[in-house]
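A closer look at the structure
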Amino acid sequence: MTPRPLRSSLLLLALAPALALAADGAGSAKKLTLVFNGDNGGEIAPCG
Amino acid sequence: MYVKQLRDAGPVLLLDAGNALFESTFSSDGKAKAKAELILRVMGEMKTAAMAVGARDLALGPEFLLQTSRKVGVPVLSANLTRDSKPIFPASTVVTAFGVKVGLVGVSPAIQGLDRYPGLRGEPPVRAALAEAAKLRGKVDVLIALAAVSWADALQLSKEGAGVFDFVIQSGEQRGAGVMQRNDRNFVLSAGERGRAVSKLDLDLSGSGPLVDLAEIERDRARRRNLEMQIESVKQRVAGERDPAILKSYQQTLASFQDQLQQLRQNDPEARAKGARTARLAIQFLDESVASDPALKAEVDKYGPPPAH
């Protein structure tokens, strides 16, 4: 197997932190779904 | 099952605005107690992040609620319920969910004292909620009042809490789900009634500035399209009309439509949404279209027919 050229290895190393950030979702959109109810007054829906 | 499906699809935080446990403030027989325990247990199993204390959660007194909720792991909040002038429940909590810091303040109704539970008081709710919110503002991405108070009190909280609370989720008047009213800088939402529906509020907090309701943007967009079509239609009538009286009437109508369109364009709702924090509300009715958990259904059936099916 041909060894990876040094220059491209360095490039990958330089990019590594950015790639890691992208992979774990850090810096991505802050999205959240709130699911709520209230006033159920002692009722419970088993499908909830 | 509905919540599980949502959780499988993306980041979800489950909340309850209170008045969850009893049919009335006087339901205190053995059956009502067992049902309240079941509801709290299931809320714990569903990992409810917080619940506010409403008047209909206190039928068996604050001690029952405190002990049972602790046992099943449901955080119960109230900024204004006191016993002998001391807080009974934590006023607020901060939950970090999927990288989003959510501040939650519980608000209970004003209570002047209950015969069965002397010393119990609900202090003025708006003042207590604002005082608690002031401690959290700036430390969270979104600040929510779980408000088991009247709609009027929820509106007052929204008004006085503009720039503090992002959402006031109200329970206590059985208004049904689906109302999302924008006030100056925040929204008041009705939480639902009798377990018939679940509200789903999709938040994108990546932007900055006041929250924008995406449904409101869509309504404005549809209104603008409609006005443009109407203007085109009136213009065609003007071009083909020879009667001066009718022509004058068309021209007045055209001027009115053009004025409305100009106002909509000046408001430019789509521009407001760019780079803003956004919200979109959807309602899921818990009818036959939503699958039930068979084991839970068997338990619930012991207490009579469920609310919606």
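A brief structural summary. Computed from a predicted model, the values in this text were never measured in an experiment.

1. A closer look at the overall build of chain A
Tallying secondary structure elements over chain A gives 1 helix and 1 strand in all. Buried positions account for 35% of the 48 residues belonging to chain A. On chain A, roughly 3000 Å² of surface is accessible, and the fraction owed to carbon and sulfur atoms is 68%.

2. Remarks on the overall build of chain B
Looking only at helices and strands, chain B features 9 helices and 15 strands. With the principal axes as the frame, chain B shows a C-alpha extent of 80 × 45 × 40 Å. Here the contacts in chain B between residues at least 6 apart in sequence split such that 69% fall between residues at least 24 apart. Considering chain B, the positive charge centre built from 42 side chains and the negative charge centre built from 37 side chains are found 2 Å apart.

3. What about the nonpolar core?
Grouped together as the largest cluster of nonpolar side chains are 31 residues, with contacts concentrated most on Ile144(B), Phe167(B) and Leu201(B). Leu201(B) has contacts with Leu32(A), Thr33(A), Leu34(A), Phe36(A), Phe167(B), Met180(B), Leu189(B), Ala279(B), Arg280(B) and Leu281(B), leaving out every residue within four places of it along the chain. Ranked by size, the runner-up nonpolar core spans 23 residues in total, among them Ala36(B), Val74(B), Phe89(B) and Leu120(B).

4. Side note on the sheet that holds strand β8 (residues 120-122) of chain B
All names here are of chain B. Read across the open sheet, the 3 strands follow the order β5-β4-β8; overall the sheet is antiparallel. Looking along the sheet, the strands with just one partner apiece sit at the ends: β5 (86-87) and β8. Bridge count for strand β4 (residues 81-83) against β5 is 2 bridges, and the pairing is antiparallel. Across the sheet, Arg-83 pairs through a bridge with Lys-86, a residue of β5.

5. Remarks on the pattern of salt bridges
Residues and elements named next belong to chain B. Within the structure shown, the criterion is met by 18 salt bridges over all chains. With a closest N to O distance of 3.1 Å, Glu-45 and Arg-41 form a salt bridge. Of this pair, Glu-45 and Arg-41 both sit in helix α2 (residues 30-45), 4 residues apart, roughly one helical turn. Residue Glu-45 is classed as exposed on the basis of its relative accessible area of 52%. The partner of Glu-123 in a salt bridge is Arg-121, with the nearest N and O atoms 3.6 Å apart. Residue Glu-123 is classed as partly exposed on the basis of its relative accessible area of 24%. Counted as one network, the salt bridges with shared partners bring together Arg-41, Glu-45 and Glu-299.

6. Thoughts on the interface of chain B and chain A
Each side of the interface is counted separately: chain B has 65 residues, and chain A has 20 residues. Roughly 3500 Å² is buried in total at the junction of chain B and chain A, and carbon and sulfur atoms are behind 59% of that figure. Remark: the boundary between chain B and chain A carries 3 salt bridges. In this structure, Asp204(B) engages Lys31(A) in a salt bridge whose closest nitrogen and oxygen atoms are separated by 4.0 Å. Scanning the region where chain B abuts chain A turns up 19 residue pairs in polar contact (both at pLDDT 80 or more). Considering each element in turn, the side of chain B that touches chain A owes the most residues, 8 residues, to strand β13 (residues 197-204) of chain B. Residues of the side of chain B that touches chain A, tallied by class, amount to 37 nonpolar, 13 polar and 15 charged. Both strand β1 (residues 31-37) of chain A and strand β1 (residues 12-16) of chain B contribute to a ladder of 5 bridges, which runs parallel. What sits directly across from Phe36(A), in β1(B), is Leu15(B).

The rules behind the values
Here the residue numbering is sequential within each chain, running from 1 through the sequence in written order. Throughout, the order in which chains and ligands are written sets their labels, letters from A for the former and numbers from 1 for the latter. With pLDDT at 70 or above as the cut-off, local features in this predicted model cover only qualifying residues; side-chain atom pairs require 80 or more to be listed or tallied, and sums for whole chains, interfaces and linings still use all residues. The basis for the side-chain values is all heavy atoms of the structure; hydrogens and waters are excluded. Each helix corresponds to a stretch of at least 4 residues labelled H or I by DSSP, and each strand to a stretch of at least 2 residues labelled E; elements are numbered beginning at the N terminus. Only protein chains enter the calculation, and the probe is 1.4 Å; a residue is then buried if its accessible area is under 20% of its type maximum, exposed if over 50%, and partly exposed in between. Computed with the Shrake-Rupley method and a 1.4 Å probe, the accessible areas treat only the protein chains shown as cover for residues. Whether two residues are in contact is decided by their heavy atoms, any of which lying within 4.5 Å being enough. Under the counting rule used here, the positive set is Lys and Arg, the negative set is Asp and Glu, and His together with the chain ends is not counted. In this description, the location of a charge corresponds to atom NZ of lysine, CZ of arginine, CG of aspartate or CD of glutamate. For the purposes of this section, nonpolar cores are sets of buried Ala, Val, Leu, Ile, Met, Phe, Trp, Tyr and Cys residues that join through side-chain atoms within 4.5 Å. In this scheme, strands are said to pair when DSSP sees at least two bridges between them. A pair is scored as a salt bridge if a Lys or Arg side-chain nitrogen falls within 4 Å of a carboxyl oxygen belonging to Asp or Glu. Two parts placed together each lose some accessible area; with a 1.4 Å probe, that loss summed over both constitutes the buried area. In protein, a polar contact requires one atom able to donate a hydrogen and another able to accept it; more generally it is a pair of N or O atoms within 3.5 Å, and residues adjacent in sequence count only if both atoms are side-chain atoms. Note on residue categories: nonpolar means Ala, Val, Leu, Ile, Met, Phe, Trp, Tyr, Cys or Pro, charged means Asp, Glu, Lys or Arg, and polar means any other residue, Gly included.

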